[in-house]
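Take a look at the letters that make up each chain.
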Amino acid sequence: MGLSLIKAHPEGIPLTSGSSEKAQQAINGADILIDCTTSDSAFEWLNNYAVKNNKILISVFFDFYAKHLTLCISGKETPCGKIYQELFCLAKNNELPVSSEEYFYEPDKEEEIIEGAGCWHPTFPALYNHIQILAAAAVDLINEHLEQGGGRGLVAIVKRNRFEAGNTCPFPLVTIIWAKDYL
């Protein structure tokens, strides 16, 4: 399965009766929905919509300093919401290769220049190139996974590796530190 056309619509999620007709038609006609909002209410609405309408939902988010990226692709039988519930339980029980303190890191008010700012905002404390590295890895994982087909779901945590000054050996920019397939 190749992605043939990606369209973005500047609409709030969940869609309401006041949302544009173009946005409603686009979401109804899409095979795949991609959530990068970091909004719990938007994710829940998209997850429910994808389940009810037999669509693939892909959700992607970075942690506060873009050290980690979490990617979720719904499966035929397992929606992203259920995958995330399991992932968060594992994280809270420290059963992932990243500590729950780091994974669920909430900045204090001094670290937030603007309350609630995320990777969409210029005051987000991660460097643009770090976001770009993780975003490129996510696109590559999504393409590889969808090309394999079979309707399987996936959750993966990708770690951005640090460049050590003076290190002349090539190293991967990212490492998948944890992944699980779902039906």
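In the block above lies the structure referred to throughout.
A brief structural summary. (Residues numbered from 1 in each chain as written. Predicted model: local features only at pLDDT ≥ 70, side-chain atom pairs only at ≥ 80, totals over all residues. Heavy atoms only, no water.)

1. Thoughts on the side chain of K55
Piece 1. Among the structural elements, K55 can be located in the loop between α2 (40-52) and β2 (56-62).
Piece 2. Despite its burial, K55 pairs with no opposite charge; the closest candidate is D31, at 5.5 Å N-O.
Piece 3. A polar side-chain atom of K55 sits 2.5 Å from the main-chain carbonyl oxygen of A30.
Piece 4. For K55, the contacting residues outside a window of four places in its chain are I27, N28, G29, A30, D31, L33, Y49, A50 and S74. (Helix = DSSP H or I, 4+ residues; strand = E, 2+ residues; numbered from the N terminus. Buried < 20%, exposed > 50% of the residue type's maximum accessible area, 1.4 Å probe, protein only. Lys, Arg positive; Asp, Glu negative; His and termini not counted. Salt bridge = Lys/Arg side-chain N within 4 Å of Asp/Glu carboxyl O. Polar contact = N/O pair within 3.5 Å; in protein donor to acceptor, adjacent residues only side chain to side chain. Contact = heavy atoms within 4.5 Å.)

2. Considering α2
Piece 1. With 13 residues, α2 ought to run about 18 Å at 1.5 Å a step, and its terminal C-alpha atoms sit 18 Å apart, in line with that.
Piece 2. Listing the buried residues of α2 in full gives A42, F43, L46, N47, Y49 and A50. Burial along α2 is one-sided: seen end-on, the buried residues are contained in an arc of 165°. In α2, the exposed residues that point more than 90 degrees away from the buried face are D40 and K52.
Piece 3. Buried residues in α2 make contact with α1 (21-29), β1 (32-35), β2 and α3 (80-92).
Piece 4. Of the residues trailing α2, N54 is marked for its positive phi of about 55°. (Expected span 1.5 Å × (residues − 1). Arc of directions from axis to C-beta.)

3. Topic: α3
Piece 1. Taking 1.5 Å of rise per residue, 13 residues should cover 18 Å, and α3 covers 18 Å from first to last C-alpha, within 8% of that figure.
Piece 2. Looking only at α3, the buried set comprises C80, G81, I83, Y84, L87, L90 and A91.
Piece 3. Structurally, α3 contributes buried residues whose contacts are with α2, β2, β3 (68-73), α4 (100-103), β4 (153-160) and β5 (174-182).
Piece 4. Immediately downstream of α3, the backbone of N94 shows phi near 55°, a positive value.

Geometric descriptors of this kind do not, in isolation, establish any biological role.
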